[in-house]
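Now for the letters of each chain:
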Amino acid sequence: QVQLVESGGGLVQAGGSLRLSCAASGRTFSMAAMGWFRQAPEKEREYVAAITWSGGSGGTTYYAGSVKGRFTISRDNAKNTVYLQMNSLKPEDTAVYYCAGTRLVWDLSQASRYDYWGQGTQVTVSS
């Protein structure tokens, strides 16, 4: 129904920046919110950020405390693409980053709320 493909990951030094993209195809009109999650080796999947369209044309954004002030989530609806701008990267940000879509707009920090997932893109931050 919906396909999500992440891109933009790579290797960056601490303090650097990366912008991740998530291109959506299929029945994208069914999604009410998008989120970013990450998973480091031997760790649980962690919520990063989410965005909806309620609250303005740019959507309403939410962030995990660990990334607030450093990461920015945004969406270009015309391009069916969601972005995650990551600044001031730290080694602890190293993980595989996944984008996800949901038809819901509540409790967006919970991975179980999402129906569609991308394949992930690796982000590595060197110290």
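Cut-offs and rules
- Just so you know, the residues in each chain are numbered from 1, in the order the chain's sequence is written.
- Only residues with pLDDT of 70 or above have their local features reported here, since the model is predicted, and side-chain atom pairs are shown and tallied only from 80 upward, although totals for entire chains, interfaces and linings are computed over all residues.
- Each side-chain value is worked out from all heavy atoms of the structure, with water and hydrogens disregarded.
- Elements are defined by DSSP. Helices are runs of H or I of four residues or more, strands are runs of E of two residues or more, and each kind is numbered from the N terminus.
- The buried label goes to any residue with under 20% of its type's maximum accessible area, the exposed label to any with over 50%, and the partly exposed label to all in between, with areas taken from a 1.4 Å probe on protein chains only.
- Only heavy atoms enter the contact rule, under which two residues are in contact if any of them lie within 4.5 Å.
- The Shrake-Rupley method, run with a 1.4 Å probe, gives the accessible areas here. Residue values count only the displayed protein chains as cover.
- The charge count treats Lys and Arg as positive and Asp and Glu as negative. His and the chain ends do not count.
- Each charge is placed at NZ for Lys, CZ for Arg, CG for Asp and CD for Glu.
- At least two bridges found by DSSP between two strands are what make those strands a pair.
- Among buried residues, those of type Ala, Val, Leu, Ile, Met, Phe, Trp, Tyr and Cys that are joined through side-chain atoms within 4.5 Å constitute a nonpolar core.
- Within this scheme a cavity is a closed region of a 1 Å grid, computed over the protein atoms alone, that accommodates a 1.4 Å probe without allowing it to escape, whereas a pocket is open but has protein on both sides within 12 Å along at least five of seven lines; lining residues each have an atom within 4 Å of a point.
- Grid points are joined across faces, edges and corners, and a volume is the space filled by probe spheres set on the points.
- Asp, Glu, Lys and Arg are counted as charged, while Ala, Val, Leu, Ile, Met, Phe, Trp, Tyr, Cys and Pro are counted as nonpolar; the rest, among them Gly, fall into the polar class.
- Here, the term disulfide refers to a pair of cysteine sulfur atoms separated by no more than 2.5 Å.

**Focus: the overall build of the protein**
At step 1: Scanning the protein from N- to C-terminus turns up 0 helices and 11 strands.
At step 2: Listing every helix and strand of the protein by position from the N terminus yields β-β-β-β-β-β-β-β-β-β-β.
At step 3: Its C-alpha atoms give the protein principal-axis dimensions of about 40 × 25 × 25 Å.
At step 4: Looking at the protein as a whole, 44% of its 127 residues qualify as buried.
At step 5: In the protein, the share of contacts with a sequence separation of at least 24, taken over all contacts with a separation of at least 6, comes to 57%.
At step 6: When the accessible surface of the protein is split by element, carbon and sulfur atoms take 47% of a total near 6,500 Å².
At step 7: Computing the positive centroid from 12 side-chain charges and the negative centroid from 9, the protein places the two 7 Å apart.

**Some words on the environment of Val5**
At step 1: Along the chain, Val5 falls in strand S1 (residues 2–7).
At step 2: Spatially, the C-alpha atom of Val5 lies 15 Å from that of Met31, the residues being 26 residues apart in sequence.
At step 3: Contacts of Val5, omitting those with residues within four sequence positions, involve Ser21, Cys22, Ala23 and Gln119.

**Quick notes on the pairing of strand S8 (residues 81–86)**
At step 1: Burial analysis of S8 places 5 of its 6 residues in the buried class, which makes it a mostly covered element.
At step 2: Direction of pairing for strand S3 (residues 18–26) relative to S8: antiparallel, over a ladder of 6 bridges. Across the sheet, residue Ala23 finds its bridge partner in S8, namely Thr81.
At step 3: In this structure, strand S7 (residues 71–76) lies alongside S8, joined through 6 bridges in antiparallel fashion.

**Quick word on the nonpolar core**
At step 1: Membership of the largest hydrophobic core comes to 35 residues, with the highest contact counts inside it found for Leu4, Trp36, Val48, Phe71, Leu84, Met86 and Tyr97.
At step 2: At the level of secondary structure, the elements contributing two or more residues to this core comprise S1, S3, strand S4 (33–39), strand S5 (46–52), S7, S8, strand S9 (95–102) and strand S11 (121–126).
At step 3: Sorting elements by how many residues they give to this core places S5 first, with 5 residues.
At step 4: Apart from the residues lying within four places of it in its own chain, the contact partners of Met86 are Gly16, Ser17, Leu18, Leu20, Arg70, Phe71, Tyr97 and Val123.

**As for empty space enclosed by the protein**
At step 1: Following the criterion strictly, the structure yields 1 cavity of 30 Å³ or more and no others.
At step 2: Space inside the largest cavity adds up to approximately 40 Å³.
At step 3: Every residue along the wall of the largest cavity is listed here: Cys22, Ala24, Thr28, Met31, Met34, Arg75, Asn80, Thr81 and Val82.
At step 4: At the level of secondary structure, the elements contributing two or more residues to the lining of the largest cavity comprise S3 and S8.
At step 5: Tallied by class, the residues present in the lining of the largest cavity amount to 5 nonpolar, 3 polar and 1 charged.

**Considering the state of the cysteines**
At step 1: Scanning the model with the defined rule gives 1 disulfide in all.
At step 2: With its sulfur 2.0 Å from that of its partner, Cys22 forms a disulfide with Cys99. On the sign convention where negative means left-handed, the S-S torsion of about 55 degrees between Cys22 and Cys99 marks this disulfide as right-handed. Separated by 77 residues along the polypeptide, Cys22 in strand S3 and Cys99 in strand S9 bring together distant segments of the chain.

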